[in-house]
Amino acid sequence: MYTIPNDAIITIAGTVGVGKSSLTKALAEKLNFRTSFEKVDNNPYLEKFYNDFDRWSFHLQIYFLAERFKEQKRMFEYGGGFIQDRSIYEDVDIFAKMHEEGGTMTKEDFATYYQLYEAMVMTPYFPQPDCLIFLESDYEDVINRIAERGRQMEIETDETYWRALYTRYVEWIENFNACPVVRININEYDVYGDIDSLDPVIEKIAKVIHTHRAMHKR
Ligand SMILES: Nc1ncnc2c1ncn2[C@@H]1O[C@H](COP(=O)(O)OP(=O)(O)OP(=O)(O)O)[C@@H](O)[C@H]1O
Ligand SMILES: Nc1ncnc2c1ncn2[C@H]1C[C@H](O)[C@@H](CO)O1
């Protein structure tokens, strides 16, 4: 039986609506960790972006990068002990790339964005997470959750977008190796009905972090 070190940074990854924020909140309460949430309400570009990808994708990516950087700095300054709702890797390797390859972000804009990202990663504020939790689910369950949550801009978005994103996530995690990964299916736990169902999840994370730190002598 291992415990999660109190300076750990645990990032939760997964497609839109899969349940990252809900799990972030629940895990942080259980572990008495701080949270780093992706804020949606004050995002000045998100709704515009969903209405016009071509016009706003660069602006939105720069905005998310700035937000993510501020959060990285905050986590660094606290010395860890965070559950993070979505990783910067997803912004760059999934969303930005998908828009660039799909033609809704120009090659020039993507190159500029990528240079900025690389410059940020080179600062001391970017320690890799101790563990990335990848939330897995059936595609239909994700679509149902997006509908139930009821953000109009997402509901009005063509379903092909969610399908493309879902597929990219599945492919991305297969090759992801920046830090240890724990895959959790959304049917394995129930944050609303049975919070103790998270105990096996916590056990898995603790073991992975312990093994990784032992190998790297941290
Ligand atoms: N374990 C769960 N059981 C049932 N419903 C859930 C569970 N987790 C999340 N939900 C519901 O699914 C919807 C999406 O959850 P949440 O906002 O946590 O997703 P997210 O992955 O953070 O989304 P985004 O990618 O947009 O940030 C919400 O309506 C939430 O209440
Ligand atoms: N880097 C990104 N590029 C495009 N869209 C993004 C990005 N990060 C989050 N989102 C969207 C998905 C949800 O609608 C909402 C909350 O996660 O914000």
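Details of the structure are given in the entry above.
An account of the accompanying structure is given in this report. (Residues numbered from 1 in each chain as written. Chains lettered and ligands numbered in written order. Predicted model: local features only at pLDDT ≥ 70, side-chain atom pairs only at ≥ 80, totals over all residues. Heavy atoms only, no water.)

**A closer look at the overall build of the protein chain**
Step number 1: A count of helical and extended segments in the protein chain gives 9 helices and 5 strands.
Step number 2: Scanning the protein chain from its N terminus toward the C terminus, one meets helices and strands in the order β-α-β-α-α-β-α-α-β-α-α-α-β-α.
Step number 3: In terms of C-alpha radius of gyration, the protein chain reaches 17 Å, essentially the compact-globule figure of 17 Å for 218 residues.
Step number 4: With respect to the three principal axes, the spread of C-alpha positions in the protein chain is 50 × 40 × 30 Å.
Step number 5: When burial is assessed residue by residue, the protein chain has 48% of its 218 residues classed as buried.
Step number 6: Sequence separation of at least 24 residues holds for 77% of the intrachain contacts in the protein chain that already meet a minimum separation of 6.
Step number 7: Surface exposure of the protein chain reaches about 11,300 Å², of which carbon and sulfur atoms provide 49%.
Step number 8: The protein chain carries 25 positive and 37 negative side-chain charges, and their two centres are separated by 6 Å. (Helix = DSSP H or I, 4+ residues; strand = E, 2+ residues; numbered from the N terminus. Rg over C-alpha atoms; globule rule 2.2 N^0.38 Å. Buried < 20%, exposed > 50% of the residue type's maximum accessible area, 1.4 Å probe, protein only. Contact = heavy atoms within 4.5 Å. Areas by Shrake-Rupley, 256 points an atom, 1.4 Å probe, with all protein chains shown as cover. Lys, Arg positive; Asp, Glu negative; His and termini not counted. Charge placed at Lys NZ, Arg CZ, Asp CG, Glu CD.)

**Details of the packing of aromatic side chains**
Step number 1: Tallied over the entire structure, the rule returns 23 aromatic pairs.
Step number 2: When the ring of F49 is compared with that of F53, the centres are 4.7 Å apart and the planes differ by 45 degrees; the resulting orientation is tilted.
Step number 3: Taken together, the aromatic side chains of F49, Y50, F53, Y161 and W162 make up a single cluster linked through ring pairs. (Phe/Tyr/Trp six-rings, centres within 6.5 Å; stacked < 30°, edge-to-face > 60°.)

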